[in-house]
Amino acid sequence: MISRVVFAALVLLSSLHASASDGNAEAWQALQDGRAVLILRHALAPGTGDPGNFDLNDCSTQRNLNETGREQARAWKPFLAEHGIEEARVFTSQWCRCRDTATEMDVGEVTEWPSLNSFFQGRGDGATQTRQTIALVNELAAGLPVVMVSHQVNITRLAGVYPSSNEGVILALPLSEDPTVLARVAPGR
């Protein structure tokens, strides 16, 4: 019995330490409290862009996660839990690599938002999609923390940050055309 109590105390202390030690405790608290959102670039999908025969409804015509990418996506669940987030509202681009990242994270029901779709190589309208994403986020009712999975171009356009694969950015709410970046985060960093 004593060992269970000691173990539970150590888990709690290590969780608190993880949040404080990464220097982003305030950003994580804002995300927990609904004063911020997390937007992340899909996990590792080797290559750049998509093939010429790209079809949104056919993953075989897209650049997809490899096994390392799937492992990266799964790493979000314990990483978020270390920072007090066990469950979230998850929104994703319709691209397979984003949907797969969101699903592999396993932190909540995944909802597709076309505004999070890539506009790289002229596949969309960056200005319009960014405005739509801002509006959708700002219209959300209070509830669980919000996690969005998207693409480098979308995040760079929205936040002015060039994220690595599987890197996230915590942004203060309400979102705007010039949002406040609270932290850049990723499992294993």
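To start, this report covers the structure provided alongside it.

Cut-offs used in this document
Residues numbered from 1 in each chain as written. Predicted model: local features only at pLDDT ≥ 70, side-chain atom pairs only at ≥ 80, totals over all residues. Heavy atoms only, no water. Helix = DSSP H or I, 4+ residues; strand = E, 2+ residues; numbered from the N terminus. Buried < 20%, exposed > 50% of the residue type's maximum accessible area, 1.4 Å probe, protein only. Contact = heavy atoms within 4.5 Å. Areas by Shrake-Rupley, 256 points an atom, 1.4 Å probe, with all protein chains shown as cover. Disulfide = S-S within 2.5 Å. Core = buried A, V, L, I, M, F, W, Y, C linked by side-chain atoms within 4.5 Å. Pairing = 2+ DSSP bridges. Axes fitted to C-alpha atoms, helices over the stretch in contact; angles between N-to-C directions.

Across its full length, the protein chain holds six helices and six strands. Going from the N terminus to the C terminus, the protein chain shows its helices and strands as α-α-β-α-β-α-β-α-β-α-β-β. Buried residues in the protein chain amount to 45% of all 189 residues. The long-range share in the protein chain, meaning contacts at least 24 apart out of those at least 6 apart in sequence, stands at 64%. Of the roughly 9300 Å² that the protein chain leaves accessible, carbon and sulfur atoms contribute 53%.

The full count for this structure, using the stated rule, is one disulfide. The residue that forms a disulfide with Cys59 is Cys96, at a sulfur-sulfur distance of 1.9 Å. One quick way to see it: the torsion about the S-S bond of Cys59 and Cys96 is about -85°, and its sign makes the bridge left-handed. Taken as a pair, Cys59 in the loop between strand 1 (36-41) and helix 3 (67-82) and Cys96 in helix 4 (residues 96-105) lie far apart in primary sequence, 37 residues in all.

It is worth spelling out the nonpolar core at this point. Proteins that are soluble and globular tend to have nonpolar side chains buried together. In this structure, Trp28, Leu38, Trp76, Leu80, Met105, Ile170 and Val185 are the most contacted members of the largest nonpolar core, which totals 22 residues. Breaking this core down by element, the ones donating at least two residues are helix 2 (25-33), strand 1, helix 3, helix 4, strand 4 (146-150) and strand 6 (181-185). Of the residues forming this core, the biggest block, four residues, is contributed by helix 2. Dropping the residues within four chain positions of it, Trp76 is found in contact with Leu38, Leu40, Met105, Asn166, Glu167, Gly168, Val185, Ala186 and Pro187. Listed in part, the 16 residues of the second largest apolar core include Trp113, Ile155, Leu171 and Leu175.

Spatially, six strands are ordered 3-2-4-1-5-6 in an open sheet, and the strand pairing comes out mixed. Looking along the sheet, the strands with just one partner apiece sit at the ends: strand 3 (110-112) and strand 6. Adjacent strand axes in the sheet meet at a mean angle of 25° when their direction is disregarded. Relative to strand 4, strand 2 (residues 89-92) runs parallel, the two being bridged by four bridges. Across the sheet, residue Arg89 finds its bridge partner in strand 4, namely Val146. The strands that helix 6 (residues 152-159) touches are strand 1, strand 4, strand 5 (168-172) and strand 6; relative to strand 1, the one it contacts most, it runs at about 145°.

Further remarks concern unusual backbone geometry. The omega angle of the peptide bond from Leu173 to Pro174 is -5°, so this bond is cis rather than trans. Within the secondary structure, Pro174 sits in the loop between strand 5 and strand 6. Positive phi values are uncommon outside glycine, yet Asn166 reaches one of about 70°. Looking at the element boundaries, Asn166 is found in the loop between helix 6 and strand 5. According to the relative accessible area criterion, Asn166 is buried, its value standing at 5%.

Any functional reading would require information that these geometric values do not contain.
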